[in-house]
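So the chains spell out like this:
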Amino acid sequence: MSAECFVIAIDGPSGAGKSTTSKRVAAELGLSYLDSGALYRAVGLAALEAGVDLSDEASLSAVLERTSIEMKDDGRVVELNGRDVSSRIREPDVTDAASRTSALPLVRHHLIELQRSSVRPPGAVVEGRDMGTVVFPDADLKVFLDADAPERAHRRAAELAAKTGAPPPLEEVGRAMAERDHRDSTRANAPLRAAEGAFVLDSTHMSLEEVVSAILTRAAQMRARK
Ligand code: DC
């Protein structure tokens, strides 16, 4: 990452609105967008398709050696060995597999350079769980975007309903999300947590416009200091 890059790192639990917010902030500032979760999802899918034990580092290592993961069209398209898997990686079995395989140091190590090298001038909004803590520790602005659990479950259920046309049971969405967030925040390697000095935003009672505007105000302050 070069010094001419302006980087905004947005971390937080699932359903907090990171993706929508990050895309909007990136568009407003003319920056690119990195959805690091999509890379972890692609690894989860590769592991599922290979039929390996999701906690077995040796087997996963062999799978990763013969796997290519690419992001195209400013993160809108994810390719696994040249195949467009952008929709497939959003399905529940991949969501669960990604949370499991992302706990392994080998997987995190494998993806770190891909994430860093994807950021070029003028910069990017990078979204995930460890953007501000591990991958981009020198980010110009670090945001930890949160919302209370019922609100996050509600948002995720609405998102799934919009995609599939059928609203999923809210309780089930909440349960799966709580399990995943617990795993993501208690793992030994790069757990989900707010980076030191992060701008912590509880969006429970905020609209998307308010969240985007709060981040843009902070970004303008940081840019003025750069
Ligand atoms: O953001 P997401 O829900 O698409 O992420 C899918 C999984 O990938 C999530 O359960 C945790 C993992 N992940 C991670 O460990 N580190 C990141 N920077 C992004 C995602």
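In this report, we go over the structure that sits alongside the text. Note that the structure is a prediction, hence the values are computed from the model and not measured.

1. What to know about the environment of Y33
As for its position among the elements, Y33 is in strand β2 (residues 32-35). Placed 85 residues apart in sequence, Y33 and S118 show a C-alpha to C-alpha distance of 9.4 Å. The contacts of Y33, once residues within four sequence positions are left out, are S19, S22, K23, A26, D74, V125 and E127. Here E127 takes part through its side chain, which lies 2.5 Å from a polar atom of the side chain of Y33.

2. Quick look at the pairing of strand β4 (residues 77-80)
With 4 bridges joining them, strand β3 (residues 69-72) and β4 adopt antiparallel strand pairing. Across the sheet, M71 pairs through a bridge with V78, a residue of β4. With 2 bridges connecting them, β4 and strand β5 (residues 83-84) associate as antiparallel partners. Across the sheet, E79 pairs through a bridge with D84, a residue of β5. Here β4 folds back onto β5 in antiparallel fashion, the turn holding 2 residues, of which N81 has a positive phi close to 50 degrees.

3. What to know about the side chain of D11
With respect to the element layout, D11 can be found in strand β1 (residues 6-11). Although D11 lies buried, it forms no salt bridge, and the closest oppositely charged side chain, R129, sits 6.9 Å away as judged by the N-O distance. There is a polar contact of 3.2 Å between the side chain of D11 and the backbone nitrogen of R129. Excluding residues within four positions of it along the chain, D11 makes contact with K18, G128, R129, D130, M131, G132, T133, V143, F144 and L145.

4. Here we look at the layout of surface pockets
Looking at the second largest pocket, its volume works out to about 280 Å³. Taken together, 15 residues form the lining of the second largest pocket, with Y33, L34, M71, G75 and S118 sitting closest to its centre. Mapped onto the lining of the second largest pocket, the elements with two or more residues apiece are β2 and β3. Here the lining of the second largest pocket gets 4 residues from one element, more than from any other, and that element is β3. For the lining of the second largest pocket, a count of residues per class yields 8 nonpolar, 3 polar and 4 charged.

5. Quick notes on the packing of helix α1 (residues 18-29) against helix α9 (residues 208-225)
The geometry of a pair of packed helices is captured by two quantities: the angle between their axes and the separation between those axes. Contact pair α1 / α9: the axes reach a minimum separation of 10 Å and the direction vectors enclose 50 degrees. Considered as vectors, α1 and α9 are oriented oblique to each other. For the pair α1 and α9, the sense of crossing is right-handed. Between α1 and α9, the residues in contact are T20, T21, R24, V25, E28 and L29 and L208, E209, V211, V212, I215, L216, A219 and R223, respectively.

6. Considerations on the sheet that holds β5
Read across the sheet, 3 strands follow the order β3-β4-β5 without closing on themselves; strand pairing throughout is antiparallel. At either end of the open sheet lies a strand with only one pairing partner, and these are β3 and β5. Taken strand by strand, helix α2 (residues 36-50) contacts β3, β4 and β5, and its axis lies near 30 degrees from that of β4.

7. Section: the nonpolar core
Formed by 35 residues in total, the largest nonpolar core has its most connected members in V107, V126 and F136. Within the residue set of this core, elements represented by two or more residues are β1, α2, α3 (57-65), β4, α4 (92-101), α5 (105-117), β6 (123-128) and α6 (131-135). With 19 residues, the next largest nonpolar core counts I10, V25, L141 and V143 among its residues.

8. Things to note about the site of the ligand
As a structural note, the neighbourhood of the ligand is formed by 15 residues, with R41, R108, R129, D184 and R187 the closest of them. In this structure, an oxygen atom belonging to the ligand sits 2.8 Å away from a side-chain N or O atom of R129. D184 places a side-chain nitrogen or oxygen 2.9 Å from an oxygen atom of the ligand. Notes on the ligand: free accessible area 440 Å², of which the protein chains cover 98%. Going through the elements one at a time, α2 and α8 (170-186) are the ones with two or more residues in the shell around the ligand. Per-element tally for the shell around the ligand: the top contributor is α2, with 4 residues. Within the shell around the ligand, the residues separate by chemical class into 2 nonpolar, 5 polar and 8 charged.

The rules behind each value
Residues numbered from 1 in each chain as written. Predicted model: local features only at pLDDT ≥ 70, side-chain atom pairs only at ≥ 80, totals over all residues. Heavy atoms only, no water. Helix = DSSP H or I, 4+ residues; strand = E, 2+ residues; numbered from the N terminus. Contact = heavy atoms within 4.5 Å. Polar contact = N/O pair within 3.5 Å; in protein donor to acceptor, adjacent residues only side chain to side chain. Pairing = 2+ DSSP bridges. Buried < 20%, exposed > 50% of the residue type's maximum accessible area, 1.4 Å probe, protein only. Lys, Arg positive; Asp, Glu negative; His and termini not counted. Salt bridge = Lys/Arg side-chain N within 4 Å of Asp/Glu carboxyl O. 1 Å grid on protein atoms, 1.4 Å probe; cavity = no way out; pocket = protein on both sides within 12 Å on 5 of 7 lines; lining within 4 Å. Points joined across faces, edges and corners; volume = space filled by probe spheres on them. Nonpolar A, V, L, I, M, F, W, Y, C, P; charged D, E, K, R; others polar. Axes fitted to C-alpha atoms, helices over the stretch in contact; angles between N-to-C directions. Parallel < 35°, antiparallel > 145°, perpendicular 65-115°, else oblique. Left-handed = near helix turned anticlockwise from the far one by under 90°. Core = buried A, V, L, I, M, F, W, Y, C linked by side-chain atoms within 4.5 Å. Near = heavy atom within 4 Å. Areas by Shrake-Rupley, 256 points an atom, 1.4 Å probe, with all protein chains shown as cover.

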